[in-house]
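Next come the chains, spelled out residue by residue.
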Amino acid sequence: MDSSDSLNQKKNKNKKKQKKKRIPAWLAWGLEVLLLSFALTVLFCFLTVISVKNSPAYICVIVLIVLLIVNISCDVLANAIISCNPEAFHAMAAKKIKGAKRSVFFCRNATKLSSIFADVIGDICGIVSGAAGTALIVHFAMTGSVYEIVVSIGVSAVIGALTVGGKAIFKHFAIKYNKRIVFGFAKFTTFFKKEK
């Protein structure tokens with residue numbers, strides 16, 4: 001009787017442990033992205049506000065161009081990673097070519113990395129470029145005039161067109177040259193953190 005009671009107690013403990021599992025992986029990933037997005041948005045907004053506040057119009061234009069380039073580049077990288085096959089780098093990794101192991105890692109974690117580059121960084125750049133666009137509008141607009149409305153619509157339209165158009169144009173190159181893009185980026189990252 002004692003042995004059967006102890007077995008039942010062990011089974012109950014195991015069941016309780018199974019019930020007390022950690023947060024599901026999908027939820028944990030979502031929370032990580034949420035926190036990362038918040039931190040990056042604060043950083044990007046802070047840098048943008050400092051750059052464009054009380055600055056001449058050409059500084060606002062430069063900040064806008066930088067944000068557009070980062071946005072489009074992150075989208076290109078995300079598309080290249082998600083469309084690339086890790087098998088393309090196995091032979092290179094066996095020969096211990098710098099950046100090959102990192103390329104395999106990127107391809108194996110394509111979903112998460114493409115989400116970070118396209119959704120997190122890309123979307124944040126889109127939002128922050130709106131703030132920089134607003135600062136540019138303030139330079140040209142006169143309060144309450146028709147001119148202000150025209151400038152506001154014009155600047156917003158140009159930002160939107162360049163962002164969406166740029167992504168559409170470079171998506172073809174991202175998929176066509178995915179191996180080169182992934183390997184180049186992987187090799188670049190080895191300057192900051194060496195491969196194991």
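Residues numbered from 1 in each chain as written. Predicted model: local features only at pLDDT ≥ 70, side-chain atom pairs only at ≥ 80, totals over all residues. Heavy atoms only, no water.

Participant: Which parts of the structure should I look at to understand the environment of Gly 133?
Facilitator: Structurally, the position occupied by Gly 133 is in helix H6 (residues 110–140). The class of Gly 133 is buried, set by a relative accessible area of 2%. A C-alpha to C-alpha distance of 7.1 Å links Gly 133 and Leu 64, two positions 69 residues apart in sequence. Ignoring anything within four residues of it in the chain, the contact list for Gly 133 reads Leu 64, Val 155 and Ile 159. (Helix = DSSP H or I, 4+ residues; strand = E, 2+ residues; numbered from the N terminus. Buried < 20%, exposed > 50% of the residue type's maximum accessible area, 1.4 Å probe, protein only. Contact = heavy atoms within 4.5 Å.)

Participant: I keep staring at the packing of helix H5 (residues 100–108) against helix H8 (residues 178–189) and nothing clicks. Help me out?
Facilitator: Two numbers describe a pair of packed helices, the interaxial angle and the distance between the axes. Interaxial distance between H5 and H8 falls to 8 Å at its minimum, and their mutual angle equals 120 degrees. For the element pair H5 and H8, the recorded crossing hand is right-handed. Here Ala 100, Arg 102, Ser 103, Phe 106 and Cys 107 of H5 come into contact with H8, specifically with Val 182, Phe 183, Phe 185, Ala 186 and Thr 189. Looking at the contact of H5 with H8 residue by residue, the classes come out as 7 nonpolar, 2 polar and 1 charged. (Axes fitted to C-alpha atoms, helices over the stretch in contact; angles between N-to-C directions. Left-handed = near helix turned anticlockwise from the far one by under 90°. Nonpolar A, V, L, I, M, F, W, Y, C, P; charged D, E, K, R; others polar.)

Participant: Would you explain the environment of Ile 159 in this entry?
Facilitator: Mapped onto the fold, Ile 159 is located in helix H7 (residues 146–176). Taking relative accessible area as the criterion, Ile 159 reaches 13% and is therefore assigned buried. Between the C-alpha atoms of Ile 159 and Leu 64, which are 95 residues apart in sequence, the distance is 8.2 Å.

Participant: Is there a simple way to think about the packing of helix H3 (residues 57–83) against H8 in this case?
Facilitator: Contact pair H3 / H8: the axes reach a minimum separation of 8 Å and the direction vectors enclose 110 degrees. One element, H3, and the other, H8, form an angle in the roughly perpendicular class. The crossing of H3 and H8 is left-handed. Contacts from Val 76, Leu 77, Ala 80, Ile 81 and Ser 83 in H3 reach Asn 178, Ile 181, Val 182 and Phe 185 in H8. Tallied by class, the residues present in the contact of H3 with H8 amount to 7 nonpolar, 2 polar and no charged. (Parallel < 35°, antiparallel > 145°, perpendicular 65-115°, else oblique.)

Participant: What exactly am I supposed to notice about H6 here?
Facilitator: Spacing of three or four residues puts side chains on the same side of an α-helix, whose turn is 3.6 residues. With 31 residues, H6 should reach 45 Å at 1.5 Å per residue; the first-to-last C-alpha distance of 43 Å fits that figure. Bending of H6 peaks at approximately 25 degrees at the position of Ile 116. (Expected span 1.5 Å × (residues − 1). Bend = angle between axes of the 7 residues up to and from the residue.)

Participant: Just checking my understanding: could you explain a nonpolar patch on the surface for this structure?
Facilitator: Together, Ile 23, Trp 26, Leu 27 and Leu 31 make up an exposed nonpolar region whose accessible area comes to about 420 Å². Looking at the secondary structure, you find Leu 31 in helix H2 (residues 25–52). Its relative accessible area of 39% is what places Leu 31 among the partly exposed residues. (Patch = residues over 30% accessible without salt bridge, like charges linked within 9 Å, V, L, I, M, F, W, Y side chains within 5 Å. Areas by Shrake-Rupley, 256 points an atom, 1.4 Å probe, with all protein chains shown as cover. Salt bridge = Lys/Arg side-chain N within 4 Å of Asp/Glu carboxyl O.)

These figures come from the coordinates and say nothing about function on their own.
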